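Structure at a glance
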Amino acid sequence: MRPLDEAETTVVFEKLLKFTGNNLKNIVESPAHEGPDPNPGRYCFRLQKNRVHYVSEALVKRATNISRKNLVSMGTCVGRFTHGGKFHLTVQCLGLLAANAKHKVWLKPTSEMSFLYGNHVLKGGLGRITDGIQPGDGVVVFSMSDVPLGFGNAAKSTQDCRKLDPNGIVVHHQSDIGEYLRMEDDL
């Protein structure tokens, strides 16, 4: 497990910035709460087998006692790098994104299951939407009871959603909590 280099850090922060905006500062500077130390330090990003983990510094110090091939995971897996060098967020970072989300969408109870099966969010299933969303922005999807369900990319702006037909796509699906069941071997 090693720290991210300059290029990797840039790619990861650009992806997180898409979803959190100025709240990225809260993720980077938040004090850690994990570990037996009275002062566990801060959270940091570490790379292990093409996966980026968000982990406390106290846990990183303790992980040095474990060999690299035996270390499976630690902290929160934020995402992974593809063979082509692109970075993809994984569903495990949903709690981190939901707490710091800039743009949010709430689904009606009737369309929650459709989203959890991997389908896009349609205008007919939209309960509420935050203002100021532009096409391509990162959006966190919630149920009406504020339970985070997943995240995706905005297909339309907030203004365009108001005059869209009910079958029009509002958010392109990227990841959801249903992946824990659909892809449990890969996670």
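Reading the values: the criteria
Residues numbered from 1 in each chain as written. Predicted model: local features only at pLDDT ≥ 70, side-chain atom pairs only at ≥ 80, totals over all residues. Heavy atoms only, no water. UniProt positions renumbered as here; feature names shortened; annotations may be inferred. Pairing = 2+ DSSP bridges. Helix = DSSP H or I, 4+ residues; strand = E, 2+ residues; numbered from the N terminus. Contact = heavy atoms within 4.5 Å. Axes fitted to C-alpha atoms, helices over the stretch in contact; angles between N-to-C directions. pLDDT = per-residue confidence, 0-100. Core = buried A, V, L, I, M, F, W, Y, C linked by side-chain atoms within 4.5 Å. Buried < 20%, exposed > 50% of the residue type's maximum accessible area, 1.4 Å probe, protein only. Expected span 1.5 Å × (residues − 1). Arc of directions from axis to C-beta. Polar contact = N/O pair within 3.5 Å; in protein donor to acceptor, adjacent residues only side chain to side chain. Phe/Tyr/Trp six-rings, centres within 6.5 Å; stacked < 30°, edge-to-face > 60°. Lys NZ or Arg CZ within 6 Å of the ring centre and 35° of its normal.

Named according to an unreviewed UniProt entry, the chain is 60S ribosome subunit biogenesis protein NIP7 homolog originating from Linum trigynum. UniProt's Subcellular location (unreviewed entry) comment on the chain is quoted here verbatim: "Nucleus, Nucleolus". Checking UniProt for the chain, the heading Function (unreviewed entry) contains the comment "Required for proper 27S pre-rRNA processing and 60S ribosome subunit assembly."

**Observations regarding the sheet that holds strand 7 (residues 121-122)**
Overall, mixed pairing links the 6 strands, which are arranged 7-11-10-9-6-8 in an open sheet. Strands with a single pairing partner mark the edges of an open sheet, and in this sheet they are strand 7 and strand 8 (126-129). Pairing analysis gives 2 bridges linking strand 7 to strand 11 (residues 169-176), with the strands arranged antiparallel. Opposite Leu122, over in strand 11, you have Ile169 as the bridge partner. The sheet strands contacting helix 5 (residues 109-116) are strand 6 (104-107), strand 7, strand 9 (138-143), strand 10 (148-154) and strand 11, and the helix crosses strand 10 at an angle near 75°.

**Description of the confidence of the model for the chain**
Of all residues in the chain, 95% have pLDDT values of 70 or greater, and the mean over the chain is 89. In the model of the chain, helix 7 (residues 179-182) stands out as the element of lowest mean pLDDT, 76, in contrast to strand 9, which has the highest, 96.

**Quick notes on the nonpolar core**
Leu16, Phe45, Val52, Val78, Leu89, Leu97 and Val140 are the most contacted members of the largest nonpolar core, which has 26 residues in total. Breaking this core down by element, the ones donating at least two residues are helix 1 (6-20), helix 2 (24-29), strand 2 (43-48), strand 3 (51-56), strand 4 (76-81), strand 5 (87-89), helix 4 (94-99) and strand 9.

**Let's talk about the UniProt feature "domain: PUA" (unreviewed entry) in the chain**
Using the residue numbers shown here, the UniProt feature "domain: PUA" (unreviewed entry) corresponds to residues 103-178. Measuring from the first to the last C-alpha atom of residues 103-178 gives 21 Å, for a span that is 17% helix and 41% strand.

**Digging into helix 1**
Since the α-helix advances by 3.6 residues per turn, residues separated by three or four positions end up pointing in the same direction. Taking 1.5 Å of rise per residue, 15 residues should cover 21 Å, and helix 1 covers 20 Å from first to last C-alpha, within 8% of that figure. Every buried residue of helix 1 is listed here: Glu8, Val12, Lys15, Leu16, Phe19 and Thr20. All buried residues of helix 1 lie within an arc of 125° about the axis, which places them on one face of the element. For helix 1, the exposed residues set more than 90 degrees away from the buried face come down to Glu6, Ala7 and Glu14. Between the side-chain oxygen at the start of helix 1 and the backbone nitrogen of Ala7 there is a gap of 3.3 Å, and the oxygen is on Asp5. One or two residues past the end of helix 1 sits Gly21, with phi positive at roughly 65°.

**Quick word on the packing of aromatic side chains**
Under the definition given, this model contains 6 aromatic pairs. A centroid spacing of 5.2 Å and a plane angle of 45° characterise the contact between Phe45 and Tyr54, whose relative ring orientation is tilted. Exposure class is identical for Phe45 and Tyr54. Each is buried. Three or more aromatic residues joined by ring pairs make a cluster, and in this case those are Phe13, Tyr43, Phe45 and Tyr54. Lying across the ring of Trp106, Arg128 places its NZ or CZ 4.1 Å from the centre.

**So, unusual backbone geometry**
Located in the positive-phi region is Asn50, a residue other than glycine, with phi close to 65°. As for its placement among the helices and strands, Asn50 is situated in the loop between strand 2 and strand 3. On the accessibility criterion, Asn50 (39% relative accessible area) is partly exposed. With phi around 60°, Asp146 is a residue other than glycine that occupies positive phi space.

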